[in-house]
Amino acid sequence: MPLHVPPVPAPALRSILTALGSPTAVREAPTPALRSAQGPLSPELPLPVHVLDDPEVLAAPALLDGADTAPHTRLTGWRFTIRAGDRLVAAADTMLTPDGWAFSRFFEGPYVTATERALRQAEVLGTPYQPRLLSVPGLYMLMLWLHGDPEADPATGAVAPGDLLVPLAPAPPGFAAHRPHRAAELLPVIGLRLAPAPLLRTPV
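Treat the numbers as computed from the prediction; the structure is a model and nothing was measured. (Residues numbered from 1 in each chain as written. Predicted model: local features only at pLDDT ≥ 70, side-chain atom pairs only at ≥ 80, totals over all residues. Heavy atoms only, no water.)

Visitor: Help me understand the environment of Ala29, please; the structure alone is not making it clear to me.
Guide: Note that Ala29 resides in the loop between helix 2 (23-27) and helix 3 (32-35). In this structure, the C-alpha to C-alpha distance between Ala29 and Arg105, residues 76 residues apart in sequence, is 7.6 Å. What Ala29 contacts, discounting residues up to four positions off in sequence, is Leu34, Arg35 and Phe106. (Helix = DSSP H or I, 4+ residues; strand = E, 2+ residues; numbered from the N terminus. Contact = heavy atoms within 4.5 Å.)

Here you go:
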């Protein structure tokens, strides 16, 4: 069953197209594959990028019970893959500024191909999902977030217990890349990893 890719804000897409049409922006990007690409460059697969950084909520035991304590996220940008012909050569990020959506950067690396791989795997699932990206800065972790409400506003919403989270490679130690988990199972584990270590008592 196909994924329900959410509609991208038009200003975000325009900012990417403007950057791709700028020889200076492409030439100065730290992306050898993009700079050496031949032929037209096209942005594809726009995904909203959310940040999850509340360890206290993540570690709440109620998540395991499916209670209505799902943590909320912050939309920080939209990410596009960039193709040259049939080759994936880079990705591009936009960010939200006081004046609206603006181009942020071109980049390449393992997360680009890992995202494409995870999306291909998600396409064969029997349940419709809305694909998003979910970042956990405290663990340097990026996940494909398969949101169970395919028609939801991509800028809002919480991570529901039944949503699927797929850590992308390279995943932090202790997390298997490209293995889907229910959010109710994975989020408490992430919360425990984010929680500060208890202070050791000094013997009297």
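Visitor: Looking at this model, I keep getting lost on the nonpolar core. Mind explaining?
Guide: Within soluble globular proteins, side chains that are nonpolar generally end up buried alongside one another. Counting 18 residues, the largest nonpolar core has Ile16, Leu34, Ile82, Val89 and Phe106 as the members making the most contacts within it. Elements with a minimum of two residues in this core: helix 1 (10-20), strand 2 (74-84), strand 3 (87-97) and strand 4 (100-107). Per element, the largest residue contribution to this core is five residues, and it comes from strand 2. Residues contacting Leu34, with those up to four places away along its chain left out, are Val26, Ala29, Leu41, Ile82, Val89, Ala90, Phe106 and Glu108. (Core = buried A, V, L, I, M, F, W, Y, C linked by side-chain atoms within 4.5 Å. Buried < 20%, exposed > 50% of the residue type's maximum accessible area, 1.4 Å probe, protein only.)

Visitor: Explanation requested: the packing of aromatic side chains in the structure shown.
Guide: Any two aromatic rings considered together are summarised by their centre-to-centre distance and by the angle between their planes. Under the criterion given, the structure shown has one aromatic pair. On the numbers, 4.7 Å between centres and 50 degrees between planes, the contact of Phe103 with Phe106 is tilted. Phe106 gets classed as buried once you look at its relative accessible area, which sits at 4%. The ring centre of Phe107 lies 4.1 Å from the NZ or CZ of Arg105, which sits over that ring. Sitting above the plane of the Trp145 ring, Arg132 keeps its charged end 4.6 Å from the centroid. (Phe/Tyr/Trp six-rings, centres within 6.5 Å; stacked < 30°, edge-to-face > 60°. Lys NZ or Arg CZ within 6 Å of the ring centre and 35° of its normal.)

Visitor: I keep staring at the pattern of salt bridges and nothing clicks. Help me out?
Guide: Opposite charge on two side chains permits pairing when their charged atoms draw close. Going through the model one piece at a time under the given rule, you end up with six salt bridges. Note that Arg83 is salt-bridged to Glu44, the shortest N-O span being 2.9 Å. Residue Arg83 is located in strand 2, and its partner Glu44 is located in strand 1 (residues 41-51); the two are separated by 39 residues in the primary sequence. For Glu44, a relative accessible area of 30% puts it in the partly exposed group. Here the salt bridges do not stand alone but share partners, grouping Glu44, Arg83, Glu116 and Arg120 into one network. (Salt bridge = Lys/Arg side-chain N within 4 Å of Asp/Glu carboxyl O.)

Visitor: Help me understand the side chain of Asp93 in this model?
Guide: Along the chain, the position of Asp93 falls in strand 3. Overall, the relative accessible area of 9% leaves Asp93 in the buried class. Within the structure, Asp93 has its side chain in polar contact with the side chain of Arg79 (distance 2.7 Å). (Polar contact = N/O pair within 3.5 Å; in protein donor to acceptor, adjacent residues only side chain to side chain.)

Visitor: Even after reading the chapter, I still don't get the environment of Ser15, so can you show me in this structure?
Guide: Note that Ser15 resides in helix 1. It is 5.1 Å that separates the C-alpha atoms of Ser15 and Phe103, two residues lying 88 residues apart in sequence. Residues contacting Ser15, with those up to four places away along its chain left out, are Thr94, Trp101, Ala102 and Phe103. A distance of 3.4 Å separates a polar atom in the side chain of Ser15 from the backbone nitrogen of Phe103.

Purely geometric stuff here, so don't read any function into it on its own.
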